[in-house]
Amino acid sequence: MEITIVLGLLVLAVVLFATEKISIDIITLVLLIVLCGFGILTPKEAFAGFSNDFVIILASIFVISGAMQETGVLDMLSTRMVYVARKNPVLLRFYTIFIPGVISAFMNNTTVTAMFINPLLGMARKMKLSPSKLLMPMAYATLLGGTCTLIGTSTNVAGSAYLESAGYEGLSMFELLPVGAIVLTIGVVYLMTIGRWLLPDNKAESVMETFEMRNYLSEIVVMMGSPLIGQRIFFSDLAKTDFRILNVIRSEGVKIYPDMFTEFMGGDILLVEGNLDNLLKIKETAGLEIRADTLDIYDIQKGDVKCAEVLITPMSDLAQKTIKEAGFRQRFGMVVLAVYRHGQTLHKKLGDIVLEAGDMLL
């Protein structure tokens, strides 16, 4: 009976992990509670894992990785790497393979991979290269680099912990280095020579797509005295500029889905979809202003204002938060003018949009 319950829970866990509908930590804790409830594990056995050397070492690795990420050490290194090699594809390829491989020997390789994704995507766009030409070798290099030390990958730590539980001596920090260094060296040489010809040449959207081709969701305010006031929305001068007007927010937060008879009124907040060029032309249109991520109107017409795209990565702490909850303006000194999400149209106010990995903020 117990083995049936364990196998059933194992299958359920795999399905839940695959669907990613529930957080992994919640799934594992619930499974632990269920196992205790059925008497398969005693309370002592259930809590024993939290004091296991393997778990503590892994937790420490993630703390160190998080500290390096928050302090910008890896960001600085990766940015410097692509800056030096920006005009030399061969040198860039070597840096892309060698540097992440070496770093991953002393950090969790998954974290290292995540840290190098953004700079390499940006460099691929600038050099008009397929991202897979840079990202795949980097991913392989971090895997190979992780074999050099005990903490390079969680697999090594788990193997050492198992040896100790079986009565053998655990692995030391650099015990794997002689073999790992040879494996990493061979891997670097292979990826720089034979491997480069086997990489796919996928032209991703982030490389091929220009600003002008990308549609953003943004909010525009109809100022008092605007010539648009009184015009029917679908037949107005704004509608002729290739903007798609999704809905209108009026006084007291009343949301209106416009029809052919709806007219503009002073103070209307328009939720619109349009490309970057059209969006920035709003500042040249009398009586219209771009609304920022808070209720304040941001003066986009200042000469020192710069526009940039910000990608929300899977590692970002902004994911699963709204722009307001994240305190984006207060935290970074920037305002969100628009959001792009894989071609989807978002029917919410910008400040209420829950950010997801892959979102592009203007």
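Let me sum up the structure you'll find in this document.

How each quantity is defined
Residue numbering note: each chain is counted from 1, following its sequence as written. Reporting of local features is limited, given that this is a predicted model, to residues whose pLDDT is at least 70; pairs of side-chain atoms are given and counted only at 80 or more, and all residues count toward the totals for whole chains, interfaces and linings. Water and hydrogen atoms were dropped before computing side-chain values, which therefore reflect all heavy atoms in the structure. Every helix listed is a DSSP run of H or I at least four residues long, and every strand listed is a run of E at least two residues long, numbered separately from the N terminus. In a helix, the anticipated span is given by 1.5 Å times the number of residues less one. Accessibility here uses a 1.4 Å probe with only protein chains present; expressed as a share of the type maximum, an area under 20% marks a residue as buried, one over 50% as exposed, and anything in between as partly exposed. Axes here refer to lines fitted to C-alpha atoms; in helices the fit is confined to the stretch in contact. Angles between the N-to-C directions go from 0 to 180 degrees. Every angle not falling under 35 degrees, over 145, or within 65 to 115 is termed oblique; those three ranges are roughly parallel, roughly antiparallel and roughly perpendicular. For a crossing to be left-handed, the near helix must be turned anticlockwise from the far one by less than a right angle; the clockwise case is right-handed. Residue contacts are defined here by distance: any two heavy atoms, one from each residue, within 4.5 Å place the two residues in contact. Residue classes follow a fixed rule: Ala, Val, Leu, Ile, Met, Phe, Trp, Tyr, Cys and Pro count as nonpolar, while Asp, Glu, Lys and Arg count as charged, and any other residue, Gly among them, counts as polar. A 3.5 Å cut-off defines polar contacts: any pair of N or O atoms within that distance qualifies, except that in protein one atom must be a possible hydrogen donor and the other a possible acceptor, and neighbouring residues in sequence count only when both atoms are side-chain atoms. Any Lys or Arg side-chain nitrogen located within 4 Å of an Asp or Glu carboxyl oxygen qualifies as a salt bridge. Only residues whose relative accessible area exceeds 30% and that form no salt bridge are eligible for patches; like-charged ones are grouped when within 9 Å, while nonpolar side chains (Val, Leu, Ile, Met, Phe, Trp, Tyr) are grouped when within 5 Å. Values of accessible area rely on a 1.4 Å probe in the Shrake-Rupley scheme; residue burial ignores everything except the protein chains shown.

## Details of helix α8 (residues 132-145)
Because each turn of an α-helix spans 3.6 residues, side chains separated by three or four positions in sequence point in the same direction. Under the 1.5 Å per step criterion, the end-to-end length of α8 is 19 Å for 14 residues, consistent within 8% with the ideal 20 Å. Turning to α8, its buried residues are S132, L134, P137, M138, A141, T142 and G145.

## Quick word on the packing of α8 against helix α10 (residues 177-192)
Between two packed helices, the angle of one axis relative to the other and the distance separating the axes together describe the packing. Across the interface, α8 lies against α10 with an axial gap of 9 Å and an inter-helix angle of 165°. The angle between α8 and α10 falls in the class roughly antiparallel. In this structure, α8 meets α10 at a crossing whose hand is right-handed. Where α8 abuts α10, its residues P137, Y140, A141, L144 and G145 lie against V183, L184, G187 and L191. Looking at the contact of α8 with α10 residue by residue, the classes come out as 7 nonpolar, 2 polar and no charged.

## Quick word on the side chain of T142
Its place among the elements puts T142 in helix α8. Of note is the side chain of T142, whose polar atom sits 3.0 Å from the side chain of T113. In contact with T142, not counting residues within four places along its chain, are P100, G101, S104, N109, V112 and T113.

## Regarding the pattern of salt bridges
Scanning the entire structure with this criterion turns up 2 salt bridges. In this structure, R250 engages D268 in a salt bridge whose closest nitrogen and oxygen atoms are separated by 2.9 Å. Linking R250 in the loop between β2 (244-249) and β3 (255-256) with D268 in the loop between β3 and β4 (269-275), this pair joins segments that are 18 residues apart in sequence. The residues R250 and D268 share a single accessibility class, namely buried. With a shortest N-O distance of 2.8 Å, R331 and D317 are connected by a salt bridge. Of this pair, R331 sits in helix α15 (residues 328-332) while D317 sits in the loop between β6 (310-311) and α14 (323-326), and the two are 14 residues apart along the sequence. Among the residues examined, D317 registers a relative accessible area of 36% and is labelled partly exposed.

## Some details on a nonpolar patch on the surface
On the surface, F94, F98, V102, F106, F174 and L177 cluster together into a nonpolar patch covering about 500 Å² of accessible area. When residues of the nonpolar patch are assigned to their parent elements, the largest contribution, 3 residues, is made by helix α6 (residues 89-103). Counting through the fold element by element, V102 comes out in helix α6.

## Details of helix α1 (residues 2-19)
The end-to-end C-alpha distance of α1 is 26 Å, a good match for the 26 Å that 18 residues give at a rise of 1.5 Å each. Where α1 is buried, its residues meet α2 (24-37). Phi for E20, located one or two positions after α1, is positive at around 60°.

## Digging into unusual backbone geometry
Although it is not a glycine, Q320 sits at a positive phi angle of roughly 70°. Mapped onto the elements, Q320 comes out in the loop between β6 and α14. When its relative accessible area of 59% is taken as the criterion, Q320 is described as exposed.

## Re the packing of α6 against α10
It is the contact of α6 with α10, at a shortest axis distance of 10 Å, that shows an interaxial angle of 155°. Classed by the angle they form, the pair α6 and α10 counts as roughly antiparallel. As for the relative orientation of α6 and α10, their crossing is right-handed in sense. Every residue of α10 that contacts α6 at V90, R93, F94, I97 and G101 is listed here: L184, V188, L191 and M192. Per-class residue counts for the contact of α6 with α10 are 7 nonpolar, 1 polar and 1 charged.

## Some thoughts on the environment of M173
One can find M173 in the loop between α9 (154-165) and α10. For M173, a relative accessible area of 29% puts it in the partly exposed group. On a C-alpha basis, the gap between M173 and I151 in space is 7.3 Å, while along the polypeptide they are 22 residues apart. If near-sequence neighbours (up to four positions away) are discounted, M173 is found in contact with F106, T149, L150 and I151.

Nothing here speaks to function; it is geometry throughout.
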